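Structure at a glance
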Amino acid sequence: MSNPESTPSGPRRRRGSEKPTLKQVAEAAGVSPITASRALNTPDRVNDDTRSRVLDAVERLGYVPNLIAGSLASANSRFIAVIVPSLANAVFIEVIKGLQDTFEANGYQILLGNTDYDLQREYQLVRTFLGWSCSALVIAGLRHDSACLSLLENWNKPVMEVMELGNGLDLNVGLDHYEAGRCMARHLLGRHYRSIVYVGACMERDYRAGMRFEGHKQVLTETGLDAPLIELDQMGSLEAGAAGLEAVLDQYPRTDAIHFANDDLATGALLHAQRLGLGVPQDIAIAGFNGLPLGQHVTPRLTTIQSPREAMGRLAAEQILQRLGQDPVPQHQHNVGFKLIVGDST
């Protein structure tokens, strides 16, 4: 088990509180403020070269147009933007519930965006939401493309990065995925499995699954074992889990345990093993990650690692509310920990 703890680690340095202006964008692009405004609001009225120079200046400076007009332009809204990789995944739904319940109890509403694990889409959502003068932003993960980082570094309101633990921009609530991978690998070794395959899906996009694989790999390598990886080309689902099991049986027929990147994959593999007449764990052990209810309602019950997702959302919201209330936030980083749940599948 990983115990929750707070650490005093500070955030990455953010830039000054002065937000870039349209005039600065115009100067950087070598055009007038009126032309810069047209390039952003009515792009068909300027030529391609001018529009390109203005957009390049916007990205370099991290400029965000304020979409609230008139006397409201300088006011904070009662909205808090929340951006997650998926709305089809119960993991993020539970985090959102913790956020929403806490924010609504304090008079705030959330604006919700889904990136579909696409960092360019994340950038576009951040630009849009910051333009609505949100009071704060909650975003999943610590990795963002350079344009998105520029926006966030220039924004002078609270930014909360959730789901993983590390050196964040501002506030951070999450868990150590590398250590979670190590924890499951140690469990499988402790059960005397020695031919263990890790199965993930689209890990360039779902990079936290890649972090867990690196932890898994280190433990196996330290023991003198190989750490083969199979990466599927579709995101986690029951069907993808079945395909993952087939790939393992085909490529590594001597495998005695599979460490799946998430419970959806692991449960799909477990059900498919039963269709194939394989005993779990007698013929092959199966483990997952997330601690979803689905894996706890199949037979055999899935061994997994549970993350406190709703509690993570509540803590993240409480930290933001504390900052918005002008109260000091002594701990910028909070480790919510995780728990190994040993089921019957290993």
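Quick caveat, the model's predicted, so the values are computed rather than measured. (Residues numbered from 1 in each chain as written. Predicted model: local features only at pLDDT ≥ 70, side-chain atom pairs only at ≥ 80, totals over all residues. Heavy atoms only, no water.)

1. Comments concerning the overall build of the chain
Scanning the chain from N- to C-terminus turns up 12 helices and 13 strands. Partitioning the contacts of the chain with sequence separation of at least 6, the portion at a separation of at least 24 is 72%. If you sum the accessible surface of the chain, you get close to 15400 Å²; carbon and sulfur atoms cover 49% of it. (Helix = DSSP H or I, 4+ residues; strand = E, 2+ residues; numbered from the N terminus. Contact = heavy atoms within 4.5 Å. Areas by Shrake-Rupley, 256 points an atom, 1.4 Å probe, with all protein chains shown as cover.)

2. Some remarks on unusual backbone geometry
The omega torsion across Val280 and Pro281 is 10°, close enough to zero to call that bond cis. Along the polypeptide, Pro281 turns up in the loop between α10 (263-275) and β10 (285-287). Pro300 follows Thr299 through a cis peptide bond whose omega is 0°. Relative to the helices and strands, Pro300 resides in the loop between α11 (293-296) and β11 (304-306).

3. A word on the packing of helix α3 (residues 48-61) against helix α6 (residues 146-154)
Two quantities define a packed helix pair, namely the angle between the axes and the distance from one axis to the other. Across the interface, α3 lies against α6 with an axial gap of 7 Å and an inter-helix angle of 60°. In terms of axis orientation, α3 runs oblique to α6. In contact with Glu59, Arg60 and Leu61 of α3, α6 contributes Ala147, Ser150 and Asn154. In terms of residue class, the contact of α3 with α6 is built from 2 nonpolar, 2 polar and 2 charged. (Axes fitted to C-alpha atoms, helices over the stretch in contact; angles between N-to-C directions. Parallel < 35°, antiparallel > 145°, perpendicular 65-115°, else oblique. Nonpolar A, V, L, I, M, F, W, Y, C, P; charged D, E, K, R; others polar.)

4. Points about the side chain of His334
Tracing the backbone through its elements, the reader meets His334 in strand β12 (residues 333-335). For His334, the side chain forms a polar contact with the main-chain oxygen of Gln331, separated by 3.3 Å. (Polar contact = N/O pair within 3.5 Å; in protein donor to acceptor, adjacent residues only side chain to side chain.)

5. Focus on the sheet that holds strand β7 (residues 196-201)
One open sheet accounts for 4 strands, arranged β8-β7-β9-β10; its pairing is parallel. Two strands in the sheet have a free side with no partner beyond their single neighbour: β8 (229-232) and β10. Direction aside, neighbouring strands of the sheet carry axes that sit 20° apart on average. Against the sheet, helix α7 (residues 177-190) touches β7, β9 (257-260) and β10, its axis set at about 165° to β9. (Pairing = 2+ DSSP bridges.)

6. Here's the deal with the nonpolar core
Formed by 47 residues in total, the largest nonpolar core has its most connected members in Leu99, Phe103, Val138, Met160, Met163 and Ile320. Setting aside chain neighbours within four positions, we find Met163 in contact with Val91, Phe92, Val95, Ala140, Gly141, Val173, Gly174, Leu175, His177, Arg208 and Met312. (Core = buried A, V, L, I, M, F, W, Y, C linked by side-chain atoms within 4.5 Å. Buried < 20%, exposed > 50% of the residue type's maximum accessible area, 1.4 Å probe, protein only.)

7. Digging into the packing of helix α9 (residues 238-251) against α10
For the pair α9 and α10, the least separation of the axes is 6 Å and the interaxial angle reads 60°. Relative to α10, the element α9 lies oblique. The element α9 and its partner α10 pack so that their crossing is right-handed. For the pair α9 and α10, the contacting residues are Leu238, Ala240, Gly241, Ala242, Leu245 and Glu246 in the first and Asp264, Leu265, Thr267, Gly268, Ala269, His272, Ala273 and Arg275 in the second. Among the residues forming the contact of α9 with α10, the class breakdown is 7 nonpolar, 4 polar and 3 charged. (Left-handed = near helix turned anticlockwise from the far one by under 90°.)

8. A short note on the pattern of salt bridges
Counting across every chain of the model gives 12 salt bridges. In this structure, Arg309 engages Glu94 in a salt bridge whose closest nitrogen and oxygen atoms are separated by 3.0 Å. Here Arg309 is found in helix α12 (residues 309-324), whereas its partner Glu94 is found in helix α4 (residues 90-105), with 215 residues between them in sequence. We classify Glu94 as partly exposed; its relative accessible area is 24%. Glu179 is the salt-bridge partner of Arg186, the closest N and O atoms lying 2.8 Å from each other. Look at Arg186 and you get partly exposed, because its relative accessible area is 38%. (Salt bridge = Lys/Arg side-chain N within 4 Å of Asp/Glu carboxyl O.)

9. Concerning the pairing of strand β5 (residues 159-164)
Where burial is concerned, most of β5 is hidden: 6 out of the 6 residues are buried. Pairing of β5 with strand β6 (residues 171-175) involves 5 bridges; the strand directions are parallel. If you follow Met163 over to β6, its bridge partner there is Gly174.

10. Some points on the pairing of β6
With 5 of 5 residues buried, β6 lies mostly within the body of the structure. Every second residue of β6 is oriented toward a common face, with Leu171, Val173 and Leu175 on one face and Asn172 and Gly174 on the other, all of them buried. Sheet topology note: the β6/β12 ladder contains 3 bridges and is parallel. Across the sheet, Gly174 pairs through a bridge with Asn335, a residue of β12.

11. Concerning the packing of aromatic side chains
Counted according to the given criterion, the structure contains 2 aromatic pairs. Ring centres of Phe92 and Tyr117 lie 6.5 Å apart, and the angle between their planes is 70°; this geometry places the pair in the edge-to-face category. Placement of the pair is Phe92 in helix α4 and Tyr117 in the loop between β3 (109-114) and α5 (119-131), with a sequence separation of 25 residues. Judged by relative accessible area, which is 4%, Phe92 ranks as buried. Positioned above the aromatic ring of Tyr108 is the side chain of Arg78, whose terminal nitrogen or guanidinium carbon lies 3.9 Å from the ring centre. Positioned over the ring face of Tyr207 is Arg208, at 5.1 Å from the centre of the ring. (Phe/Tyr/Trp six-rings, centres within 6.5 Å; stacked < 30°, edge-to-face > 60°. Lys NZ or Arg CZ within 6 Å of the ring centre and 35° of its normal.)

12. Considering the environment of Cys148
Checked against the element boundaries, Cys148 lands in helix α6. The class of Cys148 is buried, set by a relative accessible area of 0%. Distance in space between the C-alpha atoms of Cys148 and Leu119 is 8.4 Å, their sequence separation being 29 residues. Not counting the four nearest positions on each side in its chain, Cys148 is found in contact with Glu122, Tyr123 and Val126.

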